[in-house]
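A closer look at the structure
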Amino acid sequence: MKKVLVTGANGYIAKHIIADLYKNKFSVIGTLRNIQKAKTVQSDIENHLGHKIDIAFKEVCLDSDEGWDDAVSGCDAIMHTASPFPIKYVKNEMDLINPAKEGTLRVMNAAKNNSIDRIIVTSSNAAVYAGNKHITSFDETMWSNLDSKNVRAYTKSKTVAEKAAWEFAKKNSSIVLTTINPVLVWGPGIGNHSSSASLKIFDMLIKKALPMVPKVKMPLVDVRDVSMAHVNALKLKNAENQRFLICQGTYWFYDICKILIEMNISAPNKQAPSFLIRFLSLFDKKLKEITPFLDYNFEIKSDKAKKIIDFNPIKLEKTLKDTKSYLSNLLNN
């Protein structure tokens, strides 16, 4: 049985990965910033699986060297899922970029120091398509253009961190790296993930927090598919030294709302004129972050993931239904 270290074990994606690793006969060590969360994480995963698991946890932080050598000791592989994701506007972008980059390098150095050669990093499509509005079809050969205007701090953090990981692997031939680059992730969580930034977007739609939605396209994928992409990448030799975009499809916000309404799920039924969003963005910094994507029609290709790591995406309607049920159950419990 191989032992896998999963960083950020209390995360929305990470809990699914841990559960799927156990389903595939791996054992797991999880890292947490706060070890007090260990019992809740273990209980959530055990309730999801329907049986007990023998899991260990280590308390470490991405912004400190302390504890990483101990955390990775005895592991055969690392899945580095931990990374900051801002819910509110970030004033100083380096508060996101530095922890993402330095944390990734901290994990990779610990792997190298302990002779662990297999690393899978959870990156993002944010490292692929941003700042490239002249392009309408994206694959894994592409990188976000950080020199473009209005590129978000989160986008920069994911791009800089992933590039640092590939550069580290290039300089250290013993390291076998794979990156998983999911798009916006929805789907049912394991435990309470109501604070997840991606699920907050879904929650805003079904609560009609906005009377109208902007003309912005959303690339979507189910959290369960993202998890299995990680596990399959670990199991399959052909996945080594590869990037994988994980996307079910790209949809206009308004089209998502129409599908929700057809499923008898509450959602806004109007699309805001783009000139109005641009005007309001002068007074709202969060709106300003989406203005580069207004009216921008694009697609994210996942052909490589389908071919190499058996990515067979869950249908959109099931993802929407299961996400709604999950959030409703959280509200009622």
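Reference entry: report on the structure contained in this document. (Residues numbered from 1 in each chain as written. Predicted model: local features only at pLDDT ≥ 70, side-chain atom pairs only at ≥ 80, totals over all residues. Heavy atoms only, no water.)

Pairing is possible between side chains of opposite charge, provided their charged atoms come close. This structure, assessed with the given rule, holds 14 salt bridges. For the salt bridge of Lys52 with Glu46, the shortest nitrogen-to-oxygen distance reads 3.7 Å. The exposed category is assigned to Lys52, whose relative accessible area is 70%. Lys156 serves as the salt-bridge partner of Glu93, at 3.0 Å between the closest nitrogen and oxygen. Of this pair, Glu93 sits in the loop between strand E4 (77–80) and helix H4 (94–113) while Lys156 sits in helix H5 (residues 153–171), placing them 63 residues apart in sequence. Among the ionic contacts, a cluster of salt bridges with common partners joins Asp222, Arg224, Lys318 and Asp322. (Salt bridge = Lys/Arg side-chain N within 4 Å of Asp/Glu carboxyl O. Buried < 20%, exposed > 50% of the residue type's maximum accessible area, 1.4 Å probe, protein only. Helix = DSSP H or I, 4+ residues; strand = E, 2+ residues; numbered from the N terminus.)

This next bit is on the pairing of strand E11 (residues 249–252). The two faces of the sheet receive side chains in turn, since in a regular strand these alternate between them. The alternating pattern of E11 places Gly249 and Tyr251 and Thr250 and Trp252 on opposite faces, both of which are buried. Pairing of strand E9 (residues 217–222) with E11, which is carried by 4 bridges, proceeds in the antiparallel orientation. Across the sheet, Met218 pairs through a bridge with Tyr251, a residue of E11. (Pairing = 2+ DSSP bridges.)

Moving on: the sheet that holds E11. The strand order across the open sheet formed by 3 strands is E8-E9-E11, and the pairing between neighbours is mixed. A single partner strand is all that each edge strand has here, and the edge strands are strand E8 (184–186) and E11. Averaged over neighbouring strand pairs, the angle between their axes works out to 45° when direction is ignored. (Axes fitted to C-alpha atoms, helices over the stretch in contact; angles between N-to-C directions.)

Moving on to helix H6 (residues 197–206). Residues lying three or four places apart along an α-helix face the same way, a consequence of the helix completing one turn every 3.6 residues. Among the residues of H6, those classed as buried are Ala197, Ser198, Leu199, Phe202, Leu205 and Ile206. Where H6 terminates, the next one or two residues include Lys208, which has phi positive at roughly 55°.

Let us look at the packing of aromatic side chains. To describe a pair of aromatic rings, you give the distance between the ring centres and the angle between the ring planes. Tallied over the entire structure, the rule returns 7 aromatic pairs. With a centroid separation of 5.3 Å and 70° between ring planes, the pair formed by Phe279 and Phe283 is classed as edge-to-face. A cation over a ring is seen here: Arg243 above Trp143, with NZ or CZ 3.7 Å from the ring centre. Over the aromatic face of Phe244 sits the side chain of Lys304, whose NZ or CZ is 5.4 Å from the ring centroid. (Phe/Tyr/Trp six-rings, centres within 6.5 Å; stacked < 30°, edge-to-face > 60°. Lys NZ or Arg CZ within 6 Å of the ring centre and 35° of its normal.)

Right, let's talk about the nonpolar core for a bit. One finds Val6, Leu21, Trp186, Ile246, Ile256, Leu260 and Ile309 to be the most contacted residues of the largest nonpolar core, which totals 75 residues. Examining the composition of this core, we find that 8 residues originate from one element, helix H1 (residues 12–23), more than from any other. Once you skip the residues sitting within four places of it in the chain, Ile256 turns out to touch Trp186, Leu205, Met218, Leu220, Tyr251, Leu316 and Leu320. Within the second largest apolar cluster, 23 residues are counted, among which are Cys75, Ile78, Ile116 and Ala169. (Core = buried A, V, L, I, M, F, W, Y, C linked by side-chain atoms within 4.5 Å. Contact = heavy atoms within 4.5 Å.)

Turning our attention to the pairing of strand E7 (residues 176–182). Summarising burial for E7: 7 of the 7 residues are buried, a large majority. By the alternation rule, side chains of E7 split into Val176, Thr178, Ile180 and Pro182 and Leu177, Thr179 and Asn181, which are all buried. Pairing of E7 with strand E10 (residues 242–246), which is carried by 5 bridges, proceeds in the parallel orientation. Across the sheet, residue Pro182 finds its bridge partner in E10, namely Ile246.

Below, the discussion takes up the side chain of Ser123. Structurally, the position occupied by Ser123 is in the loop between strand E5 (118–122) and strand E6 (137–138). Classification of Ser123 by relative accessible area gives buried; the value is 5%. If we skip the residues at most four places from it in the chain, Ser123 touches Lys158, Glu162, Thr179, Ile180, Asn181 and Pro182.

Taking 1.5 Å per residue as the helical rise, H4 with its 20 residues ought to reach 28 Å, and the 27 Å between its terminal C-alpha atoms agrees with that figure. Buried within H4 we find Leu96, Ile97, Ala100, Gly103, Thr104, Arg106, Val107, Met108, Ala110 and Ala111. Looking at the buried side of H4, the elements it contacts are strand E1 (3–7), helix H3 (68–72), E4, E5, H5 and E7. After H4 finishes, the residue Ser115 shows a positive phi value of roughly 60°. (Expected span 1.5 Å × (residues − 1).)

This paragraph deals with the environment of Val183. Its location among the elements puts Val183 in the loop between E7 and E8. Along the primary structure Val183 and Asn92 are separated by 91 residues, whereas in three dimensions their C-alpha atoms are 24 Å apart. When sequence neighbours within four positions are dropped, the list of residues in contact with Val183 reads Asn125, Pro219, Leu220, Val221, Ile246, Cys247 and Ile300.

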